[in-house]
Amino acid sequence: MLNDEASVEFAEALAGRMVTEVTGGEEKRLRHGFELAVQRSPRAKEADRLLRFVRQQRDSQPQATEKALWTSVARVLLNLDEFMTRE
(Lines give C-alpha, C1' and ligand atoms only; values in the text may rest on other atoms or scores of the structure.)
Protein backbone atom coordinates (compact mmCIF):
# COMPACT_ATOMS: atom_id res chain seq x y z
CA MET A 1 0.00 0.00 0.00
CA LEU A 2 2.89 2.37 0.63
CA ASN A 3 3.61 2.82 -3.07
CA ASP A 4 0.02 2.90 -4.30
CA GLU A 5 -0.62 6.16 -6.19
CA ALA A 6 -3.80 6.89 -4.24
CA SER A 7 -1.98 6.37 -0.92
CA VAL A 8 0.66 8.89 -1.93
CA GLU A 9 -2.08 11.40 -2.81
CA PHE A 10 -3.85 10.79 0.51
CA ALA A 11 -0.57 11.33 2.37
CA GLU A 12 0.09 14.56 0.46
CA ALA A 13 -3.39 15.82 1.33
CA LEU A 14 -2.96 14.95 5.01
CA ALA A 15 0.46 16.62 5.04
CA GLY A 16 -1.04 19.70 3.45
CA ARG A 17 -3.54 19.93 6.27
CA MET A 18 -0.85 19.37 8.88
CA VAL A 19 1.24 22.20 7.42
CA THR A 20 -1.52 24.73 6.74
CA GLU A 21 -3.85 24.15 9.70
CA VAL A 22 -1.27 24.11 12.49
CA THR A 23 1.39 26.56 13.56
CA GLY A 24 3.52 26.32 16.65
CA GLY A 25 5.90 23.44 16.19
CA GLU A 26 6.43 19.83 15.28
CA GLU A 27 4.61 18.39 18.29
CA LYS A 28 1.38 20.25 17.48
CA ARG A 29 1.52 19.29 13.81
CA LEU A 30 2.19 15.70 14.69
CA ARG A 31 -0.70 15.59 17.17
CA HIS A 32 -3.05 17.15 14.62
CA GLY A 33 -2.11 14.65 11.91
CA PHE A 34 -2.41 11.74 14.30
CA GLU A 35 -5.84 12.89 15.43
CA LEU A 36 -7.01 13.31 11.83
CA ALA A 37 -5.79 9.82 10.94
CA VAL A 38 -6.94 7.74 13.92
CA GLN A 39 -9.39 10.01 15.77
CA ARG A 40 -7.48 10.11 19.04
CA SER A 41 -4.46 11.78 20.56
CA PRO A 42 -1.18 9.91 20.38
CA ARG A 43 0.04 8.23 23.52
CA ALA A 44 3.32 9.58 24.89
CA LYS A 45 5.36 6.69 23.50
CA GLU A 46 3.73 7.02 20.06
CA ALA A 47 4.33 10.77 19.99
CA ASP A 48 7.98 10.32 21.02
CA ARG A 49 8.64 7.73 18.31
CA LEU A 50 6.95 9.80 15.63
CA LEU A 51 8.75 12.95 16.74
CA ARG A 52 12.08 11.10 16.47
CA PHE A 53 11.04 10.06 12.95
CA VAL A 54 10.29 13.70 12.06
CA ARG A 55 13.70 14.79 13.30
CA GLN A 56 15.48 11.94 11.51
CA GLN A 57 13.74 12.88 8.27
CA ARG A 58 14.68 16.54 8.74
CA ASP A 59 18.32 15.64 9.47
CA SER A 60 18.64 13.19 6.59
CA GLN A 61 16.97 15.50 4.05
CA PRO A 62 17.81 19.08 5.04
CA GLN A 63 16.85 20.36 1.58
CA ALA A 64 13.33 18.85 1.73
CA THR A 65 10.35 21.18 1.88
CA GLU A 66 8.05 21.19 4.88
CA LYS A 67 5.33 19.53 2.82
CA ALA A 68 7.72 16.75 1.71
CA LEU A 69 8.81 16.17 5.30
CA TRP A 70 5.24 15.99 6.56
CA THR A 71 4.20 13.80 3.63
CA SER A 72 6.70 11.23 4.93
CA VAL A 73 5.10 11.49 8.37
CA ALA A 74 1.59 11.26 6.90
CA ARG A 75 2.55 8.10 5.03
CA VAL A 76 3.53 6.54 8.34
CA LEU A 77 0.26 7.62 9.95
CA LEU A 78 -1.83 6.25 7.08
CA ASN A 79 -0.08 2.90 7.37
CA LEU A 80 -0.70 2.39 11.08
CA ASP A 81 -2.68 -0.74 11.84
CA GLU A 82 -5.13 1.43 13.73
CA PHE A 83 -5.83 3.47 10.59
CA MET A 84 -6.02 0.47 8.30
CA THR A 85 -8.46 -1.57 10.42
CA ARG A 86 -11.43 -0.15 12.28
CA GLU A 87 -13.18 -2.15 14.97
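In the block above lies the structure referred to throughout.
Quick summary incoming for the structure in this document. (Residues numbered from 1 in each chain as written. Predicted model: local features only at pLDDT ≥ 70, side-chain atom pairs only at ≥ 80, totals over all residues. Heavy atoms only, no water.)

## Overview of the nonpolar core
- Ranked by size, the top nonpolar core spans 17 residues in total, and within it Leu14, Met18, Leu30, Trp70, Val73, Ala74 and Leu77 carry the most contacts.
- Per-element tally for this core: the top contributor is helix H4 (residues 66-77), with five residues. (Core = buried A, V, L, I, M, F, W, Y, C linked by side-chain atoms within 4.5 Å. Buried < 20%, exposed > 50% of the residue type's maximum accessible area, 1.4 Å probe, protein only. Helix = DSSP H or I, 4+ residues; strand = E, 2+ residues; numbered from the N terminus.)

## Regarding helix H2 (residues 26-38)
- If you check H2, its first and last C-alpha atoms are 18 Å apart, about what 13 residues at 1.5 Å a residue would give, namely 18 Å.
- Taken together, the buried positions of H2 are Glu26, Arg29, Leu30, His32, Gly33, Phe34, Ala37 and Val38.
- Against the buried residues of H2 lie helix H1 (5-21), helix H3 (44-60), H4 and helix H5 (81-84).
- A positive backbone phi angle near 65° is found at Gln39, which sits one or two residues after H2. (Expected span 1.5 Å × (residues − 1). Contact = heavy atoms within 4.5 Å.)

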